[in-house]
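# Summary of structural features
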Amino acid sequence: MSEPTATHVDAESNSVQVLPASFYPSRLSHASHRRREDGIRALLPLESRPGLISLLVGKPNSETFPITSMQFNIRDTASPNGEATMQLTEEELNDGLQYTFTNGLPALREWLFGLQERLHGRRKGEGWTITIGAGSQDMIFKGVNALINPGDAVLIEAPVYAGTLTIFHTLDAEMIEVETDGHGVCSHSMREILENWPPSKPKPKLFYTVPYGSNPTGSTATLERRLEVLALSREHDFFILEDDPYYNLYFGPANRPPSYFELERDLPEVGRVLRFDSLSKIMSSGLRVGFASGPEAILRVMDLHSQAVNLQASSFSQMIALKVLSAWGYDGFTAHTARVAQFYREKRDVFEAAMQRHLAGLAEWTSPEAGMFFWFKLLGMEGDSEYIIRTTALERGVLALPGAAFYPNPRKTAYVRASFSLLPEDQVNEALRRLREVIVEVRKANKRG
Ligand code: PMP
């Protein structure tokens, strides 16, 4: 049987042209093909049949669990004391304390389907699905494992979130860096890489990107660049892994670009974007709740991976998240995330004012439009921030991250990442004052030497 071509489409529903299930098997990793369904979890969905008596799962009896009720408070701007009390019902508590489905608590998945429709215009039933994981990191790890074999080439924007580099390193992927600037990934460089690709070498299987408020650069990819990347993904047959934990922490100009997940809906061949969202930055990083949205064939393999390693993300965390999200509703969610974005915008402004005060002429930067990081270049350091940050600056009591940590392949860089999410203004000023002293000293010493 010949392999379905990239132009082959399965269904046309509401004008969305979805790639067929047969498109995916040849693009999945060898490990994905070896994954098997756990015999118990395969039958788990049948338990919800009305009237059925289930002898299936070895679920522990919740009567033996020590926790008998759960109440907590959330911030509530409408209430006089600024808080509202949430109380889990008996059923919610039971569900939260018990095993659930591998892809997540059904009610939370439903809520998230509604969210994705509102935020990205993608409707349930149009060839994609959602799986909830223990943070988006968990989902990214499983997503990459679903697609990559050792030695496969992957396109990675550079610099990039260091937490995913470990995944690609472990899988021995060949990381091809695509440069970025203040407008996100340089799609023209990606085109050049792909157009000059050696004919005998298999093309990259995926492109990994953090398109909003990139960690570490803080930049957001423009619409034009996103569209060019989407066009390239079709011309050169690769998946786009859209890691977007800062989507809701955007505080740049009002005409924000749509996500890749949204943009692909209007193209032929929907099903090349695997999107990752996280509740870490907008609700709690300790709850460990993130989710993937994308082609059913890929998410199915990710679920089988979960069945082998952790069965599911915590039901309890998912239940707490669900309780808060349901209390907010979608409008409340939007109001909350707008407040969070405004919070970080103010932090950004404080940090930038301190940068102007202490580092003008000593460093270069572009103001971030989302997220919680400043990415700046130390001037006069001979292209290397590693030594000064790890030794002199540390001795003077200021710690930032040398930029080299964010490049797929070893290199020297004059860039540094500083996080502005936590520090109050006086500490920001003190940290950057200390950094200034160190830079001035090292520059003098360099001149003398
Ligand atoms: N992707 C990016 C770009 C991140 O910055 C982070 C967290 N630092 C993650 C993924 C992982 O987030 P989570 O807490 O959802 O696992």
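Values in this document were obtained by computation on a predicted structure and should not be read as measured data.

### Side note on the layout of surface pockets
Taken as a whole, the largest pocket spans an internal volume of roughly 490 Å³. Along the wall of the largest pocket there are 17 residues; nearest its centre are Arg 75, Ile 282, Met 283, Trp 328 and His 336. Those elements that place two or more of their residues in the lining of the largest pocket are β3 (71–75) and α11 (315–359). Counting residues per element, the lining of the largest pocket draws most heavily on α11, which supplies 7 residues.

### Focus on the pairing of strand β10 (residues 239–243)
Along β10, 5 of the 5 residues are buried, which leaves the element largely enclosed by surrounding structure. Burial along β10 is two-sided: the residues Phe 239, Leu 241 and Asp 243 and Ile 240 and Glu 242 are all buried. With 4 bridges joining them, strand β9 (residues 206–209) and β10 adopt parallel strand pairing. In the strand pairing of β10, Tyr 208 is matched with Leu 241. Remark: the β9/helix α8 (residues 223–235)/β10 crossover connection has right-handed handedness. For β10 and strand β11 (residues 273–278), the ladder comprises 4 bridges, and the chain directions are parallel.

### Section: the packing of helix α4 (residues 106–120) against α11
Where α4 meets α11, the axes come as close as 10 Å, and the angle between the chain directions of the two elements is 30°. What the angle tells us is that α4 and α11 run roughly parallel. Regarding α4 and α11, the two cross each other, and that crossing is left-handed. In contact with Ala 107, Leu 108, Glu 110, Trp 111, Gly 114, Leu 115, Arg 118 and Leu 119 of α4, α11 contributes Gln 318, Leu 322, Leu 325, Ser 326, Gly 329, Tyr 330 and Phe 333.

### Looking at the sheet that holds strand β6 (residues 153–158)
Read from one edge to the other, the open sheet built from 8 strands follows the order β5-β12-β11-β10-β9-β6-β7-β8, with strand pairing classed as mixed. Looking along the sheet, the strands with just one partner apiece sit at the ends: β5 (128–133) and β8 (184–185). This element, helix α5 (residues 136–147), spans β5, β9, β10, β11 and β12 (290–295) of the sheet and lies at about 160° to β11.

### Comments concerning the site of the ligand
Taken together, the neighbourhood of the ligand is formed by 14 residues, with Ser 136, Asp 243, Tyr 246, Ser 278 and Ser 280 sitting nearest. Within the contact set of the ligand, an oxygen atom lies 2.9 Å away from a side-chain nitrogen or oxygen of Asn 215. At a separation of 2.6 Å, a nitrogen atom of the ligand approaches a polar side-chain atom of Asp 243. Relative to its unbound accessible area of 400 Å², the ligand is 90% covered by the protein chains. Tallying contributions element by element places α5 first for the shell around the ligand, with 3 residues. Of the residues assigned to the shell around the ligand, the class counts are 5 nonpolar, 6 polar and 3 charged.

### Some points on the packing of aromatic side chains
The description of two aromatic rings rests on the distance between their centres and on the angle between their planes. A complete count under the given rule lists 18 aromatic pairs for this structure. Among the aromatic residues, those joined into a ring-pair cluster are Trp 111, Trp 328, Tyr 330 and Phe 333. Sitting over the ring of Phe 113, Lys 124 keeps its end group 5.1 Å from the ring centre.

### Examining the packing of helix α7 (residues 187–195) against α8
Closest axis-to-axis distance for the α7/α8 pair is 9 Å, and the angle between their directions is 20°. By the angle between their axes, α7 is roughly parallel relative to α8. The element α7 and its partner α8 pack so that their crossing is left-handed. Within the contact between the two elements, α7 uses Ser 187, His 188, Met 190, Arg 191 and Leu 194 and α8 uses Arg 225, Glu 228, Val 229, Leu 232 and Glu 235. Residues of the contact of α7 with α8, tallied by class, amount to 4 nonpolar, 2 polar and 4 charged.

### Some words on the pattern of salt bridges
Counted according to the given criterion, the structure contains 31 salt bridges. Linking Arg 265 and Asp 266 is a salt bridge whose minimum nitrogen-to-oxygen distance equals 3.7 Å. On the basis of relative accessible area, Arg 265 is assigned to the buried category, the value being 14%. Arg 396 serves as the salt-bridge partner of Glu 441, at 2.8 Å between the closest nitrogen and oxygen.

### Brief notes about the domain arrangement of the protein
Splitting the protein by domain gives domain 1 (7–30 + 98–330) and domain 2 (335–448). On a C-alpha basis, the centres of domain 1 and domain 2 stand 29 Å from each other. Contacts between the two partners involve 29 residues from domain 1, matched on the other side by 24 residues from domain 2. Summing the contributions of domain 1 and of domain 2, the shared interface buries around 2300 Å²; its carbon and sulfur component is 63%. Contact with domain 2 buries area across many residues of domain 1, yet Glu 177, Pro 216 and Phe 251 alone supply 30% of it, more than any other trio. At the boundary of domain 1 and domain 2, one finds 1 salt bridge. In this structure, the salt-bridge partner of Arg 411 is Glu 177, at a minimum N-O distance of 2.5 Å. In this assembly, domain 1 and domain 2 are joined by 11 residue pairs in polar contact (both at pLDDT 80 or more).

Definitions and limits used
Residues numbered from 1 in each chain as written. Predicted model: local features only at pLDDT ≥ 70, side-chain atom pairs only at ≥ 80, totals over all residues. Heavy atoms only, no water. 1 Å grid on protein atoms, 1.4 Å probe; cavity = no way out; pocket = protein on both sides within 12 Å on 5 of 7 lines; lining within 4 Å. Points joined across faces, edges and corners; volume = space filled by probe spheres on them. Helix = DSSP H or I, 4+ residues; strand = E, 2+ residues; numbered from the N terminus. Buried < 20%, exposed > 50% of the residue type's maximum accessible area, 1.4 Å probe, protein only. Pairing = 2+ DSSP bridges. Right-handed = clockwise from strand over helix to strand, strands pointing away. Axes fitted to C-alpha atoms, helices over the stretch in contact; angles between N-to-C directions. Parallel < 35°, antiparallel > 145°, perpendicular 65-115°, else oblique. Left-handed = near helix turned anticlockwise from the far one by under 90°. Contact = heavy atoms within 4.5 Å. Near = heavy atom within 4 Å. Polar contact = N/O pair within 3.5 Å; in protein donor to acceptor, adjacent residues only side chain to side chain. Areas by Shrake-Rupley, 256 points an atom, 1.4 Å probe, with all protein chains shown as cover. Nonpolar A, V, L, I, M, F, W, Y, C, P; charged D, E, K, R; others polar. Phe/Tyr/Trp six-rings, centres within 6.5 Å; stacked < 30°, edge-to-face > 60°. Lys NZ or Arg CZ within 6 Å of the ring centre and 35° of its normal. Salt bridge = Lys/Arg side-chain N within 4 Å of Asp/Glu carboxyl O. Domains from an automatic or database assignment. Buried area = accessible area lost by both parts, 1.4 Å probe.

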